[in-house]
Amino acid sequence: MPQLADALRNRVEGDMMFDRFSRGRYATDASFYQMMPLGVMSPKSEDDICAAIDIAREQGVPVLARGGGTSQCGQTVNNALVIDNTQYFNDIIELDVEGMRCVVRPGIVLDDLNRALKPHGLWFPVDVSTASRATIGGMSGNNSCGGKSLRYGMMRDNVLSIEGLLADGSKHRFGPVGNNGATDFVALRDDLLRLGAREAAEIDARFPNVMRRVGGYNIDALVPKDTPNNLAHLLVGSEGTLAYSMAVELKLWPILSEKVLGVCHFPTFHQAMDAAQHLVKLNPQGVELVDATMIALARDIPMFRDTIEEFVTGKPDALLLVEFAEEDTSKHPKKLKELEEVMGDLGFSWDKSGKNRGGVTAVADPRMQARIADLRSSGLNIMMSMKTDGKPVSFVEDCAVELPDLADYTGGLTEIFEKHGTRGTWYAHASVGCLHVRPVLNLKLDQDVKKMRAIAEECFDLVARYKGSHSGEHGDGLVRSEFHEKMFGRRMVANFAEVKRRFDPNGLFNPGKIVDAPKMDDRSLFRYGPDYKVPEFQTEFDWSEWTGSGGGFQGAVEMCNNNGACRKLKGGVMCPSFRVTRKEQDLTRGRANTLRLAISGQLGPEALTADQMADTMKLCVSCKGCKRECPTGVDMARMKIEVQSARIRKDGLSRHDRLVAYLPRYACWAARVPFLMNLRNSLPGLAKLTERLTGLTATRDLPKWHARPFKDTEVAAARTPEAVLFADTFNRHFEPENLRAAANVLAAADVAVQVGSAPKGERPLCCGRTFLSAGLVDEAKQEAQRLVDALLPFAAQGIPVIGLEPSCLLTLRDEIPALLPGEDTKLLAKHARMLEEFIADQGDNPDFALPLTSPAPKVLLHGHCHQKAMGVMSSIEKTLACLPDTEVEVVETSCCGMAGAFGYGVETHDVSRKMAELDLVPAVRDAAQDTIIVADGTSCRHQIADLTDRKPIHIARLLERALKQ
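As the structure is a computational prediction, the values presented were derived from the model and not from experiment. (Residues numbered from 1 in each chain as written. Predicted model: local features only at pLDDT ≥ 70, side-chain atom pairs only at ≥ 80, totals over all residues. Heavy atoms only, no water.)

1. A word on the overall build of the protein chain
Turning to step 1, where the next piece is worked out: A count of helices and strands for the protein chain gives 46 helices and 25 strands.
Turning to step 2, where the next piece is worked out: Computed over C-alpha atoms, the radius of gyration of the protein chain comes to 30 Å, within 12% of the 30 Å expected from 2.2 N^0.38 for 965 residues, which places it in the range of a compact globule.
Turning to step 3, where the next piece is worked out: Overall size of the protein chain, expressed as C-alpha extent along the three principal axes, is 90 × 75 × 60 Å.
Turning to step 4, where the next piece is worked out: In the protein chain, buried positions account for 63% of the 965 residues.
Turning to step 5, where the next piece is worked out: Of the contacts made within the protein chain by residues no fewer than 6 positions apart, 74% connect residues no fewer than 24 positions apart.
Turning to step 6, where the next piece is worked out: Accessible area of the protein chain: about 36500 Å², with a carbon and sulfur share of 49%.
Turning to step 7, where the next piece is worked out: Between the averaged position of the 117 positive side-chain charges in the protein chain and that of its 128 negative side-chain charges there is a distance of 3 Å. (Helix = DSSP H or I, 4+ residues; strand = E, 2+ residues; numbered from the N terminus. Rg over C-alpha atoms; globule rule 2.2 N^0.38 Å. Buried < 20%, exposed > 50% of the residue type's maximum accessible area, 1.4 Å probe, protein only. Contact = heavy atoms within 4.5 Å. Areas by Shrake-Rupley, 256 points an atom, 1.4 Å probe, with all protein chains shown as cover. Lys, Arg positive; Asp, Glu negative; His and termini not counted. Charge placed at Lys NZ, Arg CZ, Asp CG, Glu CD.)

Here it is as structure tokens:
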């Protein structure tokens, strides 16, 4: 809409996005719907929002306020002007520590808020599972709940007031009713209170008597009562249909830092549901469900596998996680004992069998509690990790009933699923009778869409029979709004419509939600509509684990369910570029959505190779954080290679990419003239002169070619080697001291070593990583095949292949098996080990002894992204723990930002620096001078050295320093 775009650009300071690619990234949320926005705006101020709403009203354009975009019912999609509050409109306006309250902008993320509150001993306790990306505005619009609502209540119970902008452009404070306010606000207030008084009896008769009720509008907040009515509670849960929240005032609570967890094991699901009503009598903070399906799926996800093995005993059909947090922590052991007694009274014991085998596993360790909490909060995404076309679908997900009815209700729902030939996956809040359940369906099939409709009708009838709520946590949106008459009656639906008209007579704000809703099974609104199709296309990797076109590439892309876990700003690795830019396109989710729309033809012809697609991928540093941390396993690093390969086939290779990609091919020649190759760093003006030619920024020195590169013959080949050393291109030519140190360390441990070498007369071995980074897959395959041919004979004898550079060695475990699928590469992958992994593996080997002293009082360790993605960090920590009298601290950081050539690019070096400045560089600057900085990644070491006054070293050199002479 050019008229809308032009008007906004003339009056708004924030970012505007009206191209098809950008709009497509905002067309979906975590539901199964898709509605293309008319445009997207990221406001920088209240003035921006006021101007946008004025322009939209004048032009008759709907407006949709959006936070993290994780709504599961379609609340945050619409054919509207989408205003994304998360990028800029996200600060704390006021913090009253003594009064335990704060005022925030709607775009602030819950985890960010709680990080700011923690030093003051306070927190906001509506702890939704999406806390790493859920915004306060979105949580208010949805009336979010969280796992501790049993103690702290829901969003409605913790919102004190809201400053809201109405559709007519007027701004008012909605809070406890008083006698002040502008004339138009007083008229609105009085009309609302009259409605509440008029409908009090109907509200009492129709609103379910359960804690978890978020369907419709909260007009029960208007009913006359002893205390002043709070009009903010009417806006809470209104899904952005009544007013635009400018500021939200929140009630804060003191942090209860210590807690204890009892994991109750049950042999059947029904028994767990029946037990919930008895367990809540112990006054826990929460009771959360984990079912057998979730346990099984979590075992297949690397980041959760160890956690499951540690806290699950035997093969239970269901677990209830019972959490206690008492102000007097000395009561915790008593609470656990009471829990065990209740389980015993219910007939469960570890020494029994069959339907009586069960009991409590106590978890007091805060770190283990945190790991279990991560698993529990990822429940939805774990369920969505199925690689089949059928996925658990959210539409009857969070119905709520009273606890005594929970077992019978879940049994009835299971019967409905079985009747329609499917099954449900269960998890979440047993303490409040709100269990998340998703039947497995394939919504690309018309027959399954019809099945979904039938299940919804029967499920809501069942809920009504138990006088429960059809919407207990996730709101109405497009999924449930049409069922309000079934649940509340015609008169109550008319009341909802009256409220909407009084606030927003022309339907400016998020139309079609709560009132005047379309049919929930209108396939024209689906992500996979009736015309959705992905034609066949060429791919380079093996994607056969998934289904669909491109050899399964389609299915791999469609694994993204828009849950938004990649939007987290702290912890883990993904998504480092987003942490700097806060832009949807610089996000695993944003990129996956763009790919899905491109391969299905929704972004026009040749979208996969378009400039906009290249821009979408430009800031992806291929950190592989998503491979491990995305709960549905979206591997954007590998997908990016497919995009680059397709683009190269169309447009060829840039000079910059050619220079980087072919480095292993010219390295041996360059190493003969290191002085000449290093001249660019030392000759004034040369870096700037060559910047345009090479695409390498003049603001950085390039890695220095070593005058004495590593040669394979430096390590005498053992007759019967116990390990093979893989000398990668980077350590060979730039930091050969690392390879020499590794050889010395292995020799000190009496490990017979041989260097893996290419046939005589050929250039040294290479993993092909640089070619992959540029999308030159054929060249990468050639390098990979050479490497496999040279190292496979050792792997076939069970001899480990040891590497030093994570991005190179771990290619053997990741990309190479997908480039060259087969038993050979699987075998080699099995035996590919980082140096520290090899050492950690020797814990039970009586013949392995590494004589070590303390190299320094403290070591600060930064992990390479690929080490984190492939689960290698525990091995580094285990190896460093062998150093006597040495404290080891692991920096909690995302990508260092250098990421191979990324940090040297003219267009990317600024973002690279900002990535490092988030966490890594401050931690290094704060380290004491006698602390040794360790980083295995070549890029990581250069980034740290460039941006600080410290010179980090590889773990091989640290261990060499620590060797007893």
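More follows now that the structure is in view.
2. Details of the sheet that holds strand E25 (residues 931–935)
Turning to step 1, where the next piece is worked out: Read across the sheet, three strands follow the order E24-E23-E25 without closing on themselves; strand pairing throughout is parallel. Of all the strands in the sheet, just strand E24 (887–890) and E25 have a single pairing partner and so form its edges. Between one strand axis and the next, the sheet turns by 25 degrees as a mean value, whatever way the strands run.
Turning to step 2, where the next piece is worked out: With four bridges connecting them, strand E23 (residues 858–862) and E24 associate as parallel partners. Across the sheet, the residue bridging to Lys858 is Glu887, located in E24. (Pairing = 2+ DSSP bridges. Axes fitted to C-alpha atoms, helices over the stretch in contact; angles between N-to-C directions.)

3. Here we look at the sheet that holds strand E2 (residues 39–42)
Turning to step 1, where the next piece is worked out: Spatially, the four strands line up as an open sheet ordered E1-E2-E4-E3, and their pairing is mixed. This sheet does not close on itself; its edge strands, each paired only once, are strand E1 (15–17) and strand E3 (63–66). Strand after strand, the sheet turns through a mean of 20 degrees between neighbouring axes, direction not considered.
Turning to step 2, where the next piece is worked out: Alignment of E3 against strand E4 (residues 81–84), held across four bridges, turns out to be parallel. Bridge assignment links Val63 to a residue of E4, and that residue is Leu81.
Turning to step 3, where the next piece is worked out: Lying over the sheet, helix H3 (residues 46–59) contacts E2, E3 and E4, oriented at roughly 155 degrees with respect to E2.

4. Observations regarding the side chain of Ser394
Turning to step 1, where the next piece is worked out: In this structure, Ser394 sits in the loop between strand E16 (391–392) and helix H17 (406–419).
Turning to step 2, where the next piece is worked out: One polar contact links Ser394 to Glu397, side chain to side chain, over a distance of 3.0 Å.
Turning to step 3, where the next piece is worked out: Residue contacts for Ser394: discarding those within four places in its chain leaves Phe32, Gln72, Arg438 and Val479. (Polar contact = N/O pair within 3.5 Å; in protein donor to acceptor, adjacent residues only side chain to side chain.)

5. Some words on the packing of helix H12 (residues 292–299) against helix H13 (residues 302–311)
Turning to step 1, where the next piece is worked out: At a closest axis distance of 7 Å, the pairing of H12 and H13 adopts a crossing angle of 125 degrees. Overall, the two elements H12 and H13 adopt an arrangement that is oblique. In this structure, H12 uses Ile295, Ala298 and Arg299 to contact H13, whose residues at the interface are Phe304, Arg305, Ile308 and Glu309.
Turning to step 2, where the next piece is worked out: Each residue belonging to the contact of H12 with H13 can be placed in one class, and the counts come to four nonpolar, no polar and three charged. (Parallel < 35°, antiparallel > 145°, perpendicular 65-115°, else oblique. Nonpolar A, V, L, I, M, F, W, Y, C, P; charged D, E, K, R; others polar.)

6. Describing unusual backbone geometry
Leaving glycine out, the prevailing phi sign among residues is negative, and the prevailing peptide bond configuration is trans.
Turning to step 1, where the next piece is worked out: Looking along the chain, the bond that leaves Met574 and enters Cys575 is cis, with omega of -5 degrees.
Turning to step 2, where the next piece is worked out: For Cys575, the location among the structural elements is in the loop between helix H22 (553–558) and helix H23 (576–581).
Turning to step 3, where the next piece is worked out: If you check the backbone angles, Ile514 has positive phi at about 70 degrees while not being a glycine.
Turning to step 4, where the next piece is worked out: Position of Ile514 among the secondary structure elements: in the loop between helix H21 (490–503) and H22.
Turning to step 5, where the next piece is worked out: Residues other than glycine seldom take positive phi values, yet Asp750 does so here, at roughly 60 degrees.

7. Some points on the side chain of Asn678
Turning to step 1, where the next piece is worked out: Position of Asn678 among the secondary structure elements: in the loop between helix H30 (674–677) and helix H31 (679–682).
Turning to step 2, where the next piece is worked out: A relative accessible area of 12% places Asn678 in the buried class.
Turning to step 3, where the next piece is worked out: Asn678 has contacts with Pro703, Lys704 and Trp705, leaving out every residue within four places of it along the chain.

8. Digging into the packing of aromatic side chains
Turning to step 1, where the next piece is worked out: A complete count under the given rule lists 21 aromatic pairs for this structure.
Turning to step 2, where the next piece is worked out: Relative to Tyr466, the ring of Tyr409 has its centre 6.4 Å away and its plane inclined at 85 degrees; by these criteria the two rings are edge-to-face. In this pair, Tyr409 sits in helix H17 while Tyr466 sits in the loop between helix H18 (446–465) and helix H19 (477–480), placing the two residues 57 residues apart along the sequence.
Turning to step 3, where the next piece is worked out: A relative accessible area of 23% places Tyr466 in the partly exposed class. (Phe/Tyr/Trp six-rings, centres within 6.5 Å; stacked < 30°, edge-to-face > 60°.)

9. Quick look at the pattern of salt bridges
Any two side chains of opposite charge can pair, given that their charged atoms come close.
Turning to step 1, where the next piece is worked out: On inspection of all chains with the given rule, the structure shows 77 salt bridges.
Turning to step 2, where the next piece is worked out: Note that Asp841 is salt-bridged to Arg833, the shortest N-O span being 2.9 Å.
Turning to step 3, where the next piece is worked out: Connected through shared salt-bridge partners, Arg453, Glu457, Asp461, Glu482, Lys486, Lys519 and Asp521 make up one network. (Salt bridge = Lys/Arg side-chain N within 4 Å of Asp/Glu carboxyl O.)

10. Some details on the nonpolar core
Turning to step 1, where the next piece is worked out: One finds Leu595, Met636, Met639 and Leu812 to be the most contacted residues of the largest nonpolar core, which totals 121 residues.
Turning to step 2, where the next piece is worked out: It is helix H36 (residues 777–796) that provides the largest number of residues to this core, a total of 10 residues.
Turning to step 3, where the next piece is worked out: Beyond its immediate sequence surroundings of up to four residues, Leu812 is in contact with Leu787, Leu791, Val801, Pro817, Thr825, Leu828, Ala829 and Ala832.
Turning to step 4, where the next piece is worked out: The next biggest cluster of nonpolar side chains, apart from the first, holds 107 residues, and it includes Val104, Val260, Met343 and Ile416. (Core = buried A, V, L, I, M, F, W, Y, C linked by side-chain atoms within 4.5 Å.)

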